[in-house]
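Here are the chains, one letter per residue:
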Amino acid sequence: MNTSETLASSSTPSASSAAIVIAPLRTDLALREALFDPVRFRQRLQETSQPLPLFKEALAQARRVLDERYREDADIVPLVIGRSWFMDELLRCAWERYDWGKVEDVSLLAVGGYGRGELHPHSDIDLLLLTRHDNHQDFRTAISGFFTFLWDINLEIGQSVRSIAQCRQEALKDITVATSLMESRTIVGPQSLRDAMIALTQDDDVWPAKAFFKAKRDEQIARHEKYYDIDYALEPNVKASPGGLRDIQTIAWIAKRHYKADTLADLVSLGFLTPSEYQDLASGERLLWKIRYGLHVLAGRKEDRLLFDRQKDLARMFGYEDDEKSLAVEKLMQEYYRAVATLRGLNDVLLQHFDEAILRAGEKEEITLINKRFQIRDNYIEVTNPGVFRRFPFALLEIFVLMAQNPQIKGVRAATIRLIRENSVIIDEKYRKDLRNITLFMELLRSPHELTSQLRRMSRYGVLGRYLPAFGAITGKMQHDLFHIYTVDAHTLQVVENMRRFRYPGAEEHFPIAAHIVKRLPKVELLYIAGLYHDIAKGRGGDHSTLGMVDGAEFCRLHHLSAWDTKLVSWLIGKHLLMSMTAQRMDIADPEVIQQFALAVGDKLHLDYLYCMTVADICATNPNLWNTWRASLLRQLYLSTKRALRRGLENPIDRADRIKDKQESAFLKLTDRGLSRQQIEHIWANVDDEYFVRESTANIAWHTEAIARSEGQETLILVDDVSESPNEGGTQIFIYTVNRNHLFASTASAMEKLGLNIMDARIFTSAKNYCMNTFTVLESDGTAVSNDPARRRQIISLIDEYLQDPSQHLKASTKRIDRKLKHFSRHVETEIINADDKPWTTLEISCIDQPGILASIGKIFADHKIQLQNARIATLGERVEDLFFILDADNRKITDPELIEKLQNDIRQELGD
């Protein structure tokens, strides 16, 4: 903004008579002339008895002019200020239509954002009708007519009518009122009324400076908590989210209340802002204004949420384009995230400054010297003199090591934060190769306390992105989907934090295996390094795992790690998706799958590192992604692989031996429960070997006993838990019934109706044409079905009802698709795979998540006489990636090209529509 120019209209108050702003406000003369001619408008009013159409016409004309200039990429500041100028002029014309009697006793004030001289297309126009005396009777008719007229011309106003004394009373009760009055300005009427009101409401006994600061700080903390204290939300609120416009306004309010600052530029002369920080605030506000203005234009109403569909529209409007590395919308959002990160960092610095200058002013200070470079002042670390970082550049890393080694240090003094930010430019290639700096960074990674807190501080203060340039490249980078809910840099630091959490007391409850493993890793810092680099190459094009291996290896070389350590870190980066993909997309009950995974891992140490890496990564990608079922899958894969490694990779278990072992174990369980050999063998005689390979011993015993005791019951439905702990596992639903068309489809429909999510399906058909189907399910909140008998009876009853006549329960789901999902591609991907070493065909389906998917697929299978053997269900953000293991009507692989094409076309059409 041009701070040398003031408002070019004598009719609009200067910034000094209104609220604090970034810089003195200005409007463009040519823009004003295009917007509105007050003189000509008043002449036209005198010539008509129907003023309403003229006011509406003026509003429409102003909106057209401003919106056209916005779409032409005009500077956003004159547009926002120009709209406010126009509204002032229009309100004056409306005010003049009414008889106000004693005009020296009444005035119209703009408050809120309008008081600051800022108006976006559909912002509220907040007005205060201020009177000298409490009795408003003399103005009642004019007040009623005036506000009614404003509503009639479709202005979105918020109004209040108060006397000067009443303003004081309300300000004493409510800090939001006190704040709103503080940033008021006179539109029409005597300025003396506002001056008197300000004198009464801004007096030291009305919200003293300390109380005002504390209230505004607490207000911000509560607002940030409402948005989960993150500035990288998928759909942020540009006004209220952390780092948004409200954070700038909070600084402005405190500055005006305590320092009587009229603009944030005044904080530069007061020593609370540097010129460069002021420019960061100004450019950040400009970007947020531009986005907010566009949101209002696109929505046709007040809208401050940067929703998915609006993100795409704004990216196009701002001229961003897709390329081979990233989408246009991702480029826009990276600019947004980087801007709000900067604004939030400045907000932190200034609030810390205000805390020291306002709340702690006059307090006795306790100072403890750490070394000749740093000291602790009242539990906050600071430099001993302003030249420390210039004289000792390694201190830029040392300060974070000191905090990680001294848990009593609560944070960094504001002046030192500023020095860190200003001196971070020292960090260059030579700096990164300096042995002192290399040693300090490795010392930090090995520190016992709050490693991730220090890494986050380093990121906010601009140090981490300079010391690790590859990390700087991913700062603010997002992926436009619902799977990755964090930016890449935020996700990366969350991964490291999760790794640290495995060491905390109580971690065994939620992460029993990881908590056990991580304490026994010989060099846990290697895990942290792999965490820092596992996604470092995202957005470059190509395989980010492969590219990340190169970066990780280079880091290890530069930091003098051994060849073995380097190889382990590089391997972890390259294989960081292997374990989750194997657990979720392969049949981990198959010994061959376990053998292949064990071969890829090689030994137990690599398995331990990879397991911790995998769990930390999943939990940091999306909190909803980690559920009891995924926990149990990874546990099963880990333990099965551990046994395979112990047995020796050269001694894989034989299929026949595995079947025999399971049968013998299940047989002992069943005879202990009172079943005879004849009963057991009679049931098993109708089941093929595949059942014994893929089912667990516990399930074989459970199924066999239930069938034996069913006494010829045509349909048997059982519900039971499968879990190692309350935080792992799921609920299994076992169905034993006569095989018939649409059985899978109707079962899936019933479970959708019940609000159950199918995670796994194992389908077997006995020699007597009976189905033995086991579904693993979770409730919609990702937990296992509760032990409530009523809920379990409900499940059994509805499934039984649907199975009585499966063909009657195949209607398309009536559930609405989530709003967020509507803005993603409905493209459906299918692939048929016939692996030589598998007795079935694998069908892969990837499409947008939507109600009724499994029921629709089941119906298509029935129509084509496809036999479903097994299914692996995975929902990843807005998309599902499901695997189905299938056979044709003759229980053979599907190889007929015509059937393959028809099957895939039907699925694409059904799910795409």
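See above for the structure.
Reading guide: rules and limits
Residues numbered from 1 in each chain as written. Predicted model: local features only at pLDDT ≥ 70, side-chain atom pairs only at ≥ 80, totals over all residues. Heavy atoms only, no water. Helix = DSSP H or I, 4+ residues; strand = E, 2+ residues; numbered from the N terminus. Buried < 20%, exposed > 50% of the residue type's maximum accessible area, 1.4 Å probe, protein only. Areas by Shrake-Rupley, 256 points an atom, 1.4 Å probe, with all protein chains shown as cover. Lys, Arg positive; Asp, Glu negative; His and termini not counted. Charge placed at Lys NZ, Arg CZ, Asp CG, Glu CD. Expected span 1.5 Å × (residues − 1). Contact = heavy atoms within 4.5 Å. Salt bridge = Lys/Arg side-chain N within 4 Å of Asp/Glu carboxyl O. Pairing = 2+ DSSP bridges. Axes fitted to C-alpha atoms, helices over the stretch in contact; angles between N-to-C directions. Parallel < 35°, antiparallel > 145°, perpendicular 65-115°, else oblique. Nonpolar A, V, L, I, M, F, W, Y, C, P; charged D, E, K, R; others polar. Patch = residues over 30% accessible without salt bridge, like charges linked within 9 Å, V, L, I, M, F, W, Y side chains within 5 Å. Left-handed = near helix turned anticlockwise from the far one by under 90°. Phe/Tyr/Trp six-rings, centres within 6.5 Å; stacked < 30°, edge-to-face > 60°. Lys NZ or Arg CZ within 6 Å of the ring centre and 35° of its normal.

Visitor: Give a detailed account of the overall build of the chain, specifying residues and quantitative values.
Guide: Each helix and strand counted, the chain has 41 helices and 17 strands in total. Considered along the principal axes of its C-alpha atoms, the chain spans approximately 105 × 75 × 50 Å. Looking at the chain as a whole, 58% of its 913 residues qualify as buried. By element, 49% of the accessible surface of the chain is carried by carbon and sulfur atoms, the whole surface being about 38800 Å². When the 118 positive and 130 negative side-chain charges of the chain are each reduced to one mean point, those points stand 3 Å apart.

Visitor: Give a detailed account of the environment of T628, specifying residues and quantitative values.
Guide: One can find T628 in helix α33 (residues 628–647). Remark: the alpha-carbon pair of T628 and Q159, spanning 469 residues in sequence, is separated by 52 Å.

Visitor: So what's going on with helix α37 (residues 697–708)? Residues and values would help.
Guide: The terminal C-alpha atoms of α37, which comprises twelve residues, lie 16 Å apart, in line with the 16 Å expected from a rise of 1.5 Å per residue. For α37, the buried fraction is high: ten of the twelve residues fall into the buried class. Those residues of α37 not exposed but buried are T697, N699, I700, A701, W702, H703, T704, E705, A706 and I707.

Visitor: I'd like a rundown of helix α38 (residues 743–753), residues and numbers included.
Guide: Counting buried positions along α38 gives ten out of eleven residues, so the element sits mostly inside the fold. What α38 keeps buried is the set L743, F744, A745, S746, T747, A748, S749, A750, M751 and E752. On the buried face of α38, the contacting elements are β10 (730–738), β11 (756–762), β12 (770–779), α39 (789–804), α40 (853–863) and β15 (867–872). Where α38 ends, the next residue or the one after it, G755, has phi of about 75°, a positive value.

Visitor: Pulling in residues and values, what's your account of the pattern of salt bridges?
Guide: By the definition in use, this model includes 59 salt bridges. Across the pair R557 and E554 runs a salt bridge, and its minimum N-O distance is 2.4 Å. Taken together, the positions of R557 and E554, both in helix α28 (residues 544–558) and three residues apart, correspond to about one turn of that helix. Its salt-bridge partner being E705, residue R673 comes within 3.1 Å of it at the nearest N-O pair.

Visitor: Mind laying out the sheet that holds strand β5 (residues 367–369), listing which residues take part and the relevant values?
Guide: Ordered in space as β5-β6-β7-β8, the four strands form an open sheet in which the pairing is mixed. Because the sheet does not close on itself, it has two edges, and the strands there are β5 and β8 (411–412). Sheet topology note: the strand β7 (residues 380–383)/β8 ladder contains two bridges and is parallel. Residue I381 lies in a different strand from β8, and its bridge partner there is V412. Contacts between helix α17 (residues 395–405) and the sheet are confined to β6 (374–377), β7 and β8, with β6 contributing the most and set at about 45° to the helix.

Visitor: How would you summarise the packing of helix α15 (residues 328–359) against helix α18 (residues 414–423) if you had to cite specific residues and measurements?
Guide: In contact at an axis separation of 8 Å, α15 and α18 are set at 150° when each is read in the N-to-C sense. With respect to α18, the element α15 is oriented roughly antiparallel. Taking contact as the criterion, the partners of G345, L346, V349, L350, Q352, H353 and E356 in α15 are, on α18, A414, A415, I417, R418 and R421. Broken down by class, the residue content of the contact of α15 with α18 amounts to six nonpolar, three polar and three charged.

Visitor: Let's hear about a negative patch on the surface: which residues, and what values?
Guide: Among the surface-exposed residues, D654, D657, D661 and E664 lie close enough to one another that they form a single negatively charged patch. One can find D657 in helix α34 (residues 655–672).

Visitor: How would you summarise the sheet that holds strand β1 (residues 106–110) if you had to cite specific residues and measurements?
Guide: An order of β3-β2-β1-β4 is seen for the four strands of this open sheet, with the pairing classed as mixed. In the strand order of this sheet, the two ends are held by β3 (157–163) and β4 (185–188), each with one partner. Neighbour-to-neighbour, the strand axes of the sheet open up by a mean angle of 35°, direction not taken into account. Two elements, strand β2 (residues 125–131) and β3, share seven bridges in a ladder whose sense is parallel. For L128, the partnering residue across the bridge sits in β3 and is S160. Across the sheet, helix α6 (residues 140–152) is in contact with β1, β2 and β3; its angle to β3 comes to roughly 165°.

Visitor: Could you give an account of the packing of helix α2 (residues 38–46) against helix α4 (residues 76–95), naming the residues involved and the relevant values?
Guide: α4 packs onto α2 with a crossing angle of 30° between their chain directions and a minimal axis gap of 11 Å. In terms of their interaxial angle, α2 and α4 are classed as roughly parallel. Pair α2 / α4 crosses with right-handed handedness. Packed against α2, whose contacting residues are P38, F41, R42 and L45, the element α4 presents E89, L90, R92 and C93 at the interface.

Visitor: I'd love a proper account of the environment of P652, names of residues and values included.
Guide: Locating P652 in the fold gives a position in the loop between α33 and α34. Separated by ten residues in the primary sequence, P652 and K642 have C-alpha atoms spaced 13 Å apart. Apart from residues lying up to four places away in sequence, P652 is in contact with Q595 and R647.

Visitor: Can you tell me about the packing of aromatic side chains, naming the residues and giving the values?
Guide: Here the structure, examined in full by the defined rule, presents 30 aromatic pairs. Measuring from ring centre to ring centre gives 5.0 Å for Y691 and F764, while their planes differ by 85°; the resulting arrangement is edge-to-face. Of the two residues, Y691 sits in helix α36 (residues 689–694) while F764 sits in the loop between β11 and β12, which places them 73 residues apart along the sequence. The exposure class of F764 is buried, given its relative accessible area of 5%. Three or more aromatic residues joined by ring pairs form one cluster here, namely F36, F41, F55, F86 and F149. Just above the ring of F392 sits the side chain of R373; from NZ or CZ to the centre is 5.6 Å.

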